[in-house]
Amino acid sequence: MRWNWKELRLLSVIIAIWGVISIGTGLSLKKYDYTITKTKYTVKISSNQQTQAQSKKNEIKLKNIEIEVGNPISTNAKDYIENIEDFSDLLLRQLSETLDTSLVNINQPGNYKYTITYKKKKYEGIITIMEKEVPNVTFTLKAKIMPTTGTLSRNKKDYIYEELDEEIYNNMILDLREVESHQSIPGKYKYTITFKDTVYYGDFEIVEDVVTNKVVNACPSDAIVDNMNKTCVCKDSNKKYDEETKTCVEQETEEITTEEKRVLR
């Protein structure tokens, strides 16, 4: 069958139209074609990494401890470990058995090492023993009189009017060198007490120890004669001779007028 040119032309047009329709349909279907791709990621931690992480978590972090001289130190490991939340109560009790504070001297200021052993590893910390803080006080020195044959007291309490705590006396320095070097020479000298970098000065008089028949009967047995001043001097330097009662009596603060107190800083 032969096609004439009009029929061929019509067939070409029809084919062209169907081609356009097919292309349009294909594009439309492609627009609504959604493909969802899910990617799953997996992280694997090796047993070595887990061990290192756990080991790091269980590392002991020790505190640096500060206490005053004379205070007791704890025997409980939890008082020394900073990261106690990483350890159970049972383990903390076990660690207390490995606590070693044998190098610490609580009576001597300084820095000392202590250790706690965990899993065969020793952890070191520092305990600092600090000087005990002494309170600030002021006090008044006595004016002392002693015969050349008297005994020089080295008790700090004998030179101070006020009654103070023992702790304060222990932190004083009594200096009697000037008096000691002139103990056999009558005269007036100085002594000092140093407390917390402050120096207090006091008077100390050495008097002649000569007994005459005229005066010996006038002085009590606990006193000797001061021929220079024509009076009696008590052998106890904490007492003074009372002319009215002819006895040695305790010195009173208000009766002392010759004392000297100077403060040097």
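Refer to the preceding data block for the structure.
Residues numbered from 1 in each chain as written. Predicted model: local features only at pLDDT ≥ 70, side-chain atom pairs only at ≥ 80, totals over all residues. Heavy atoms only, no water.

**Student:** Could you give me a rundown of the pairing of strand β5 (residues 172–175), with the residues and numbers involved?
**Tutor:** Along any regular strand the residues' side chains alternate between the sheet's two faces. Only one face of β5 is covered, namely the one carrying Met172 and Leu174; the face carrying Ile173 and Asp175 has none of its residues buried. In the sheet, β5 pairs with strand β6 (residues 187–195) via four bridges, with the strands oriented antiparallel. Directly across from Leu174, in β6, lies its bridge partner Ile193. (Buried < 20%, exposed > 50% of the residue type's maximum accessible area, 1.4 Å probe, protein only. Helix = DSSP H or I, 4+ residues; strand = E, 2+ residues; numbered from the N terminus. Pairing = 2+ DSSP bridges.)

**Student:** Tell me about the environment of Thr194, and please be specific about residues and values.
**Tutor:** As for its placement among the helices and strands, Thr194 is situated in strand β6. Spatially, the C-alpha atom of Thr194 lies 5.0 Å from that of Ile173, the residues being 21 residues apart in sequence. Apart from residues no more than four positions distant in its own chain, Thr194 is found in contact with Asn171, Met172, Ile173 and Val199. (Contact = heavy atoms within 4.5 Å.)

**Student:** Tell me about the sheet that holds strand β7 (residues 198–207), and please be specific about residues and values.
**Tutor:** A sheet is described by the order of its strands in space; here four strands give the open sequence β4-β7-β6-β5, paired in mixed fashion. The open sheet is flanked by β4 (144–147) and β5, the only strands paired with a single partner. Across the sheet, the axes of successive neighbouring strands diverge by a mean angle of 25°, strand direction being ignored. Both β4 and β7 contribute to a ladder of four bridges, which runs parallel. (Axes fitted to C-alpha atoms, helices over the stretch in contact; angles between N-to-C directions.)

**Student:** Explain the state of the cysteines to me, and be specific about the residues and the numbers.
**Tutor:** What the rule picks out here adds up to two disulfides. Shown here is the disulfide that connects Cys219 with Cys232, its sulfur atoms set 1.8 Å apart. Linking Cys219 and Cys232, the disulfide has an S-S dihedral of approximately -90° and is accordingly described as left-handed. Remark: Cys232 occurs in strand β9 (residues 231–234) and Cys219 occurs in the loop between α6 (213–216) and β8 (223–226); sequence separation between them is 13 residues. One disulfide in the model links Cys234 with Cys248; its S-S distance is 2.1 Å. The sign of the -110° torsion about the S-S bond sets the Cys234-Cys248 disulfide as left-handed. Linking Cys234 in strand β9 with Cys248 in strand β11 (residues 247–250), this pair joins segments that are 14 residues apart in sequence. The cystine pairing of the chain, numbering bonded cysteines in sequence order, is 1-2, 3-4. (Disulfide = S-S within 2.5 Å.)

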